[in-house]
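Coordinates in review
Chain by chain, the residues:
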Amino acid sequence: MSDTTNVNLSSLKSRPFLKWAGGKYRLTEEINKVLPKRKKCLIEPFVGAGSVFLNSQFERYILLDINPDLINLFNIVKQDVEYYIQESKKIFFHPQANTPIFYYQIRQQFNETKDNFQRSIFFLYLNRFGFNGLCRYNSKCEFNVPFGRYKTHYFPEKELRYFSQKAKSAVFICADFQEAFKLADKDTVIYCDPPYAPLLQDTNFTGYAGNEFGLIHQQRLAELAKQVVLEKQVPVIISNHDTHFTRTIYQGAKIKRIRVQRFISQSSIKRVKVNELIAIFKP
């Protein structure tokens, strides 16, 4: 069973403070429509920048990601957002902040430091000044996104404060997506936004915080969804590209089809609408 939905962009409210490739800011309204309202807790195994978390209303949140820098940043913002804003501005508004020399100096410092607070500040700077807000690491787990060359920059002070306030009802955990399913109980719903399966099946993996998230992982995620629905009676919702492969592994779920504008490319020619789906597994 499937249907096609036109995405309404006007009613979305709270932006994340991070730029994030594949983020769900524009789809939160559609995702909220399929999230069960009777559940008290939302579990997200791939929290990313947190758009769904920020734009949903649950009593509690358990938010996971395999990226330790992301989870470290979220926990620091949760603990003391005012001090974080104060210290971040020193780098963000540095006279040379929007230059490649300064950017690559900060990137090198980020890759060398073990100090969690410094890493959190550097991470935000690199996210806002790097190319397309990408988060990418090389085989040595070194951040390697190039300079973004933007004319202007926005410091997300308001968004940081809102995130910190909302985070009071959340716990942030650095763990593999498989660990998230172990935390599910009768009061939870799981929403998954994994690295998307390729539109064309000539590649078999996408970047996953320095690791590979291949077709085997996509299949494992689908199997876990079906398993937790059956064993724990917990609903699971998954977003992904709408392809023959994803429709095959999500057999048994209700499929909601949506058209989404892609903004990942700087070329307007490549910013086309693509088919995505929301797979809804219910007990």
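Residues numbered from 1 in each chain as written. Predicted model: local features only at pLDDT ≥ 70, side-chain atom pairs only at ≥ 80, totals over all residues. Heavy atoms only, no water.

**Section: helix H4 (residues 81-92)**
Spelled out, the test is: Segments assigned H or I by DSSP are reported as helices when at least four residues long, segments assigned E as strands when at least two residues long, and all are numbered from the N terminus. Residue count minus one, scaled by 1.5 Å, sets the expected span of a helix. Burial classes: relative accessible area under 20% of the type maximum marks a residue as buried, over 50% as exposed, and values in between as partly exposed (1.4 Å probe, protein chains only). Every residue pair with non-hydrogen atoms within 4.5 Å of one another is taken to be in contact.
The terminal C-alpha atoms of H4, which comprises 12 residues, lie 16 Å apart, in line with the 16 Å expected from a rise of 1.5 Å per residue. Buried within H4 we find Val-81, Tyr-84, Ile-85, Glu-87, Ser-88, Ile-91 and Phe-92. Turning to H4, the residues buried within the fold contact helix H3 (68-79), helix H5 (100-112), helix H6 (116-129) and helix H7 (157-166).

**Thoughts on the environment of Leu-42**
Within the secondary structure, Leu-42 sits in strand E2 (residues 41-44). Linking Leu-42 and Val-189, residues 147 residues apart in sequence, is a C-alpha distance of 5.2 Å. Excluding residues within four positions of it along the chain, Leu-42 makes contact with Leu-35, Val-52, Ser-56, Phe-58, Arg-60, Tyr-61, Ile-62, Leu-63, Val-189 and Tyr-191.

**Description of the UniProt feature "binding site: S-adenosyl-L-methionine" (unreviewed entry) in the protein chain**
Filter applied, for reference: UniProt positions are given in the numbering used here, feature names are shortened, and annotations may be inferred rather than shown by experiment. N or O atoms closer than or at 3.5 Å make up a polar contact, with two conditions inside protein: a donor-capable atom paired with an acceptor-capable one, and, for residues adjacent in sequence, both atoms drawn from side chains.
Per the UniProt record, the feature "binding site: S-adenosyl-L-methionine" (unreviewed entry) sits at Trp-20, Lys-24, Asp-65 and Asp-193. You can see Lys-24 is positioned in the loop between strand E1 (2-5) and helix H1 (28-34). Contacts of Lys-24, omitting those with residues within four sequence positions, involve Ile-31, Ser-51, Val-52, Tyr-191, Asp-193, Tyr-196, Ser-239 and Glu-276. Among the polar contacts made by the side chain of Asp-65, one reaches the main-chain amide nitrogen of Gly-48 at a distance of 3.3 Å.

**What about the pairing of strand E5 (residues 188-192)?**
Inclusion rule: Only strands that DSSP links by at least two bridges are regarded as paired with each other.
The buried fraction of E5 is high, at five of five residues. Neither face of E5 is open: one carries Thr-188, Ile-190 and Cys-192, the other Val-189 and Tyr-191, and all of them are buried. One ladder, built from three bridges, connects E5 with strand E8 (residues 236-241); its direction is parallel. Residue pairing in the sheet places Tyr-191 in a bridge with Ile-237 of E8.

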